[in-house]
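Structural overview for review
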Amino acid sequence: MLKSKTFLKKTRAGGVMKIVREHYLRDDIGCGAPGCAACGGAHEGPVLEPQPLDPASSLCPRPHYLLPDTNVLLHQIDVLEDPAIRNVIVLQTVLQEVRNRSAPVYKRIRDVTNNQEKHFYTFTNEHHRETYVEQEQGENANDRNDRAIRVAAKWYNEHLKKMSAENHLQVIFITNDRKNKEKAIEEGIPAFTCEEYVKSLTANPELIDRLACLSEEGNEIENGRIIFSEHLPLSKLQQGIKSGTYLQGTFRASRENYLEATVWVHGDTEEDKEIILQGLKHLNRAVHEDIVAIELLPKNQWVAPSSVVLHDEGQNEDDVEKEEERERILKTAVSEKMLKPTGRVVGIIKRNWRPYCGMLSKSDIKESRRHLFTPADRRIPRIRIETRQASALEGRRIIVAIDGWPRNSRYPNGHFVKNLGEVGEKETETEVLLLEHDVPHQPFSQAVLSFLPKMPWSITEKDMKNREDLRHLCVCSVDPPGCTDIDDALHCRELENGNLEVGVHIADVSHFIRPGNALDQESARRGTTVYLCEKRIDMVPELLSSNLCSLRCNVDRLAFSCIWEMNHDAEILKVRFTKSVINSKASLTYAEAQMRIDSAAMNDDITTSLRGLNKLAKILKKRRIEKGALTLSSPEVRFHMDSETHDPIDLQTKELRETNSMVEEFMLLANISVAKKIHEEFSEHALLRKHPAPPPSNYEILVKAAKSKNLEIKTDTAKSLADSLDRADSPTFPYLNTLLRILATRCMMQAVYFCSGMDNDFHHYGLASPIYTHFTSPIRRYADIIVHRLLAVAIGADCTYPELTDKHKLADLCKNLNFRHKMAQYAQRASVAFHTQLFFKSKGIVSEEAYILFVRKNAIVVLIPKYGLEGTVFFEEKDKPKPKLIYDDEIPGISILADTPNMDSDEPERKKKKHEK
């Protein structure tokens, strides 16, 4: 059956276009119930159970299926995902609405419908002849969809009667819309709210905790006192932003002070800057990463960033006076030049809430069901939840979701989602840090694995097309001990003309990962491999990362080679790029390579090659530094693990050898050479990496620290900064130079990927290079795979595809890669911090030398170089200090090594952060 709609549309040119939309209706769409005689019983994919007995409901004792409306799917997804809830009919109408309103919930519901154990069935009611409804005159889209859902629910109940006249199955309509529920009951459809149905499941009382708290009125604090001003409606906010009355930006809460936040104003206006917000009322219920509208306060109300460290202690919600007392501490007399533009939140443009990991702070009131949840991330406010499992959840890591934040509640309302495990257990804490940093860590799906090569694999004649055979070269790799995903190998040999040939050979991952397939999409989504202290979260399946792509010794491997002809002063005479096949002659550790270079007794081909590489690397490094490349510092530690318990038994700062620098120099050189080549060929579509120069204000803390020791730091150029850091020495304070370099690292901006056609500034500040990219680590970075594809097209070794030359899609990809790299960096630091705590757990009191990094009004931030540990020492009384070191026992790593930007000063991050034991 065919229905069509015809309407007229005015074109840009002023003409009129007639548009006809056809809508096909069928009567052969199955209901999803097995053995249904009315629709033949043939169904594809997951189907409903024939006689669903669980869960047992006191409201609906007969076997039944559930049919939820859109809002139930959107807001109660945590309930629907619970194993107890099965046999759910998801209508096409509902699924389309969810897709339009929330991409994350849509993905979750698709995952549930694909899980055969859950028996969720998607019914295409919009194309079924008996369930399709047309929009009536004067009826809005929302009312039409509500009616369509009721029509489908009624049809299901009548249709299923035909299966068994005596004890037919029921379809229960679940809706939280009061009017919709009343209409359904009038039409003879069994209907309940989600809360009514969940509370009727007497065998599953724990499900009640997972109900989203949607009614703000019923969950406000008892005294009803208004704490916050009302958020303006979206229409008024948009008008205000357009007129310039309000500014739009991203809300970023402070880790150090829960009463302070900043908003980065969006756009390229003169007000594209940071606005400071201070005080609970000015923060006005915004949560970290929300998109907010703010009103700029008059200049006489501007404040300076606070120097106080304040953590929310979860005080009594009714005692707002104490909060106001704490806010007064923030306001201190400062010079006018320290004042910053200050504002207040007037409304929320977009909430960016996510599930939060943390711990339950059990109420002191006996038998209370209302408790506070303390998130692991200090930037997130405490969340009030209701649970009957408080005793069981004490001392556990749990996940909680925010439901809303009423005007008269000190904290947002939320609900319990999941119990992760006991606090302090390695598996639990690892899961927490992966979830908190949004690291995709689920096993690779069968769809992804299906695109892997079939084993046993070998190089074929087809593989050798457009590829050079370089197996005769004396190639070797140099990596940390225990490295299995070897991205790169090198060679150096003297040519007949007296010059040197130097090659960097990189794993040809793009040969195995073809554009657009499931393996490619998953690699792009993950963006990067994440290296934790005891675990590696691979970007690509292990068959590739540790086997077929890994440039292990004595096996033939496909590579992408960058080969230079150089003179003995490391000046490049020629460069060429080629797909190749190599056979590495040795897989060495840094220590083994260093030993060969230093040993007078060793003169074999591998050692000769390493010495040649090392000599050239020293010249390259000297030349880079002379141009203004920065040599900065951040403390890093390495753990020695117990072979049985896998607990850290020793901890020390990492030692860097000449061979670390040798590998780094040639990786940097390859990346720069490839960047030039792909930009020559694809001026608008090259994927590059830049490191912006920091604004002068970033350096204030570094300049001030140096001045306190009578030293001058010049920051007008990277070269002047590098030179002044080289001169910043103190005979009485040997560690001062390292401290200043650590502070200089904190002043840097984050290095980012970008599309050359979307930006004019290509310069890499930290490396003092006019152009740069990532080519050398495709096993662990998706950016390098794209660069390999661009380079392959540039040299005629592979063909292009539409997405590769779409700068808007490339810009979107870069946005995801920048996010994934930043989160991976934070997750790695959090893992180091947690293992540091494990190490100290068994040590008792340890006395070590520490250096002061920052001075706050009520605390100092110190660095313990031996352990790379940074923490805050609080002084409890002004005249009577009782120092206490805090390095965040909620989620390890929030304070330790926090917010050090990755600006490629030590490019091959893998070389330092491999999975080591």
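The chain goes by Protein DIS3 homolog in an unreviewed UniProt entry, where it is assigned to Canis lupus dingo. Quoted verbatim from the Cofactor (unreviewed entry) field of UniProt, the annotation for the chain is "Mg(2+)". You can read under Sequence similarities (unreviewed entry) in the UniProt record for the chain the words "Belongs to the RNR ribonuclease family."

In terms of regular secondary structure, the chain is built from 24 helices and 34 strands. Here the chain holds 917 residues, and 54% of them are scored as buried. Contacts in the chain between residues at least 24 apart in sequence constitute 69% of all its contacts with a sequence separation of at least 6. Counting every atom, the chain has about 42,700 Å² of accessible surface; 49% of that belongs to carbon and sulfur.

Our focus in this paragraph is the pairing of strand E29 (residues 687-690). Taking every second residue as pointing to the same face, both faces of E29 are buried, with Leu687 and Arg689 on one and Leu688 and Lys690 on the other. Sheet topology places E29 next to strand E30 (residues 752-755); four bridges connect them, and they run antiparallel. Residue Arg689 lies in a different strand from E30, and its bridge partner there is Tyr753.

With that settled, consider the side chain of Thr589. Within the fold, Thr589 resides in strand E26 (residues 586-589). For Thr589, a relative accessible area of 17% translates into the label buried. Apart from the residues within four sequence positions on either side, Thr589 is in contact with Val478, Asp479, Pro480 and Pro481.

Under the definition given, this model contains nine cavities of 30 Å³ or more. Here the second largest cavity is characterised by a volume of approximately 70 Å³. Considering the residues around the second largest cavity, the lining is formed by Leu66, Pro68, Val72, Val79, Leu80, Ile85, Val88, Ile174, Cys194, Tyr197 and Val198. When contributions to the lining of the second largest cavity are tallied by element, the ones reaching two or more residues are strand E3 (64-68), helix H2 (77-80) and helix H7 (194-199). Examining the composition of the lining of the second largest cavity, we find that three residues originate from one element, H7, more than from any other. Each residue belonging to the lining of the second largest cavity can be placed in one class, and the counts come to eleven nonpolar, no polar and no charged.

Right, let's get into the packing of aromatic side chains. The tally for this structure, following the rule as stated, stands at ten aromatic pairs. Their ring planes at 80 degrees and their centres at 5.2 Å tell us that Trp155 and Tyr156 sit as a pair that is edge-to-face. Assigned by exposure class, Trp155 and Tyr156 land together as buried. Aromatic rings pair up to connect Phe123, Trp155 and Tyr156 into one cluster. Seen from the ring of Tyr753, Arg689 lies directly overhead, with NZ or CZ sitting 4.5 Å from the centre.

Attention now moves to the pattern of salt bridges. Tallied over the full model, the rule gives 50 salt bridges. Linking Arg108 and Glu81 is a salt bridge whose minimum nitrogen-to-oxygen distance equals 2.6 Å. In this pair, Arg108 sits in helix H4 (residues 103-113) while Glu81 sits in the loop between H2 and strand E4 (88-91), placing the two residues 27 residues apart along the sequence. Residue Lys107 pairs with Asp111 through a salt bridge whose shortest N-O separation is 3.0 Å. Linking Lys107 with Asp111, this pair stays in helix H4, spanning four residues, or about one helical turn. Lys107 sits in the partly exposed class, given a relative accessible area of 46%. Members of the salt-bridge network, linked through shared partners, are Asp78, Glu81 and Arg108.

Its location among the elements puts Thr608 in helix H17 (residues 605-627). Sequence separation between Thr608 and Ile597 is eleven residues, and the spatial gap between their C-alpha atoms is 8.0 Å. Polar contacts involving the side chain of Thr608 include one to the main-chain carbonyl oxygen of Asp604, which spans 2.9 Å.

Where helix H3 (residues 92-101) meets helix H5 (residues 141-161), the closest approach of the two axes is 9 Å, and the angle between their N-to-C directions is 145 degrees. Counted together, Thr93, Val94 and Glu97 of H3 and Asn142, Arg144, Asn145, Ala148 and Ile149 of H5 form the full contact between these two elements. Partitioned by chemical class, the residues of the contact of H3 with H5 number three nonpolar, three polar and two charged.

Cis peptide bonds are those with omega within 30 degrees of zero, and the linkage from Met455 to Pro456 qualifies with -5 degrees. With a phi angle near 55 degrees, Asp438 is a residue other than glycine that sits in the positive phi range. Topologically, Asp438 is positioned in the loop between helix H12 (426-436) and helix H13 (446-449). Relative accessible area serves as the criterion here: at 41%, Asp438 is assigned to the partly exposed category. Residue Asn710 is not a glycine yet carries a positive backbone phi of 60 degrees. Considering the arrangement of structural elements, one finds Asn710 in the loop between helix H19 (700-707) and helix H20 (718-727). A relative accessible area of 75% places Asn710 in the exposed class.

Turning our eyes to something else, we now look at the sheet that holds strand E11 (residues 291-296). Within a sheet, adjacent strands bond to each other through the backbone by hydrogen bonds, running parallel or antiparallel. Read from one edge of the open sheet, five strands run E10-E9-E8-E11-E12, paired in antiparallel fashion. Sheet topology places strand E10 (274-278) and strand E12 (343-350) at the edges, where each strand pairs with a single neighbour. Averaged over neighbouring strand pairs, the angle between their axes works out to 40 degrees when direction is ignored. Both strand E8 (residues 247-253) and E11 contribute to a ladder of four bridges, which runs antiparallel. Across the sheet, the residue bridging to Gly249 is Val292, located in E11. Where helix H8 (residues 234-243) meets the sheet, it contacts E8, E11 and E12, and its direction lies at approximately 120 degrees from that of E12.

With that settled, the discussion passes to the pairing of E11. Alignment of E11 against E12, held across six bridges, turns out to be antiparallel. Looking at E12, one finds that Val292 is bridged to Ile348.

In this section: the side chain of Glu260. When you line up the elements, Glu260 lands in strand E9 (residues 260-265). Reaching out from Glu260, the side chain makes a polar contact with the side chain of Gln278 at a distance of 2.7 Å. Separated by 3.0 Å, the side chain of Glu260 and the backbone nitrogen of Ser306 make a polar contact. Apart from the residues lying within four places of it in its own chain, the contact partners of Glu260 are Ala253, Ser254, Ile276, Leu277, Gln278, Leu283, Pro305 and Ser306.

As a further point, take H20. Ala718, Ser720, Leu721, Ala722, Ser724 and Leu725 are the residues of H20 that are buried. On its buried face, H20 sits against H19 and helix H21 (736-747).

Right, let's get into the confidence of the model for the chain. When pLDDT is averaged along the chain, the result is 85; 86% of the residues meet or exceed 70. Here helix H24 (residues 910-913) stands out as the element of the chain with the lowest mean pLDDT, 40, in contrast to helix H22 (residues 782-794), whose mean of 97 is the highest. Ignoring residues within four places in sequence, the model shows residues 216-223, a span with pLDDT below 50, making 16 contacts including any to other chains. Low confidence marks residues 905-917, where pLDDT is under 50. Its contacts with residues over four positions away, or in another chain, come to 61 contacts.

Where helix H16 (residues 590-598) meets H17, the closest approach of the two axes is 9 Å, and the angle between their N-to-C directions is 95 degrees. As far as their axial angle goes, H17 and H16 are roughly perpendicular. Within the contact between the two elements, H16 uses Ala593, Arg596 and Ile597 and H17 uses Ile606, Thr607, Leu610, Arg611 and Asn614. When grouped by side-chain class, the residues that make up the contact of H16 with H17 number four nonpolar, two polar and two charged.

The next subject is the nonpolar core. Grouped together as the largest cluster of nonpolar side chains are 88 residues, with contacts concentrated most on Leu544, Trp564, Leu610, Phe666, Leu687, Phe775 and Ile786. Among all residues touching Leu544, those that are not within four sequence positions of it are Leu452, Pro453, Phe512, Ile513, Leu519, Cys549 and Ser550. In this structure, Cys31, Val72, Tyr156 and Phe192 belong to the second largest nonpolar core, which totals 53 residues.

Another aspect to go through is H16. Because the α-helix completes a turn every 3.6 residues, residues three or four places apart line up on one side. Regarding H16, the residues found buried are Tyr590, Ala593, Gln594, Arg596 and Ile597. Down the axis of H16, the buried set is contained in an arc of 160 degrees. They therefore lie on one face. Residues of H16 that are exposed and point more than 90 degrees away from the buried face comprise Met595 and Asp598.

Analysis parameters
- For every chain, the first residue of its written sequence is number 1, and the numbers climb from 1 along that sequence.
- Side-chain atom pairs in this predicted model are given and counted only at pLDDT of 80 or more, local residue features only at pLDDT of at least 70, and totals for whole chains, interfaces and linings cover all residues.
- The basis for the side-chain values is all heavy atoms of the structure; hydrogens and waters are excluded.
- UniProt positions are given in the numbering used here, feature names are shortened, and annotations may be inferred rather than shown by experiment.
- For the purposes of this entry, the term helix denotes a DSSP run of H or I that reaches at least four residues, the term strand denotes a run of E that reaches at least two, and both are numbered from the N terminus.
- Each residue gets one of three labels from its accessible area relative to the maximum for its type: buried under 20%, exposed over 50%, partly exposed in between, using a 1.4 Å probe on protein chains only.
- When checking whether two residues touch, look at their non-hydrogen atoms; a contact exists if any pair is within 4.5 Å.
- To be clear on the numbers: accessible area is Shrake-Rupley with a 1.4 Å probe, and residue cover counts the displayed protein chains and nothing else.
- Here, a strand pair is defined by DSSP locating no fewer than two bridges between the strands.
- Within this scheme a cavity is a closed region of a 1 Å grid, computed over the protein atoms alone, that accommodates a 1.4 Å probe without allowing it to escape, whereas a pocket is open but has protein on both sides within 12 Å along at least five of seven lines; lining residues each have an atom within 4 Å of a point.
- Grid points are joined across faces, edges and corners, and a volume is the space filled by probe spheres set on the points.
- Ten residue types, Ala, Val, Leu, Ile, Met, Phe, Trp, Tyr, Cys and Pro, are classed as nonpolar, four, Asp, Glu, Lys and Arg, as charged, and the remainder, Gly among them, as polar.
- Aromatic rings from Phe, Tyr and Trp, with only the six-membered ring used for Trp, were paired whenever their centres fell within 6.5 Å, and each pair was classed as stacked if the ring planes differed by under 30 degrees, edge-to-face if by over 60, and tilted otherwise.
- Criterion for a charge above a ring: Arg CZ or Lys NZ at most 6 Å from the ring centre, at most 35 degrees from the ring normal.
- For this analysis, a salt bridge means a side-chain nitrogen from Lys or Arg found within 4 Å of a carboxyl oxygen belonging to Asp or Glu.
- A 3.5 Å cut-off defines polar contacts: any pair of N or O atoms within that distance qualifies, except that in protein one atom must be a possible hydrogen donor and the other a possible acceptor, and neighbouring residues in sequence count only when both atoms are side-chain atoms.
- For helices, the axis comes from a line fit to the C-alpha atoms of the stretch in contact; other axes are also lines fit to C-alpha atoms, and the angle between any two N-to-C directions lies between 0 and 180 degrees.
- For every residue, the predictor states its confidence as a pLDDT score lying anywhere from 0 to 100.
- Oblique is the label for every angle not falling under 35 degrees (roughly parallel), over 145 degrees (roughly antiparallel), or within 65 to 115 degrees (roughly perpendicular).
- Take the buried residues of types Ala, Val, Leu, Ile, Met, Phe, Trp, Tyr and Cys, join any two whose side-chain atoms come within 4.5 Å, and each joined set is a nonpolar core.
- Along the arc lie the directions from the helix axis toward the C-beta atoms.

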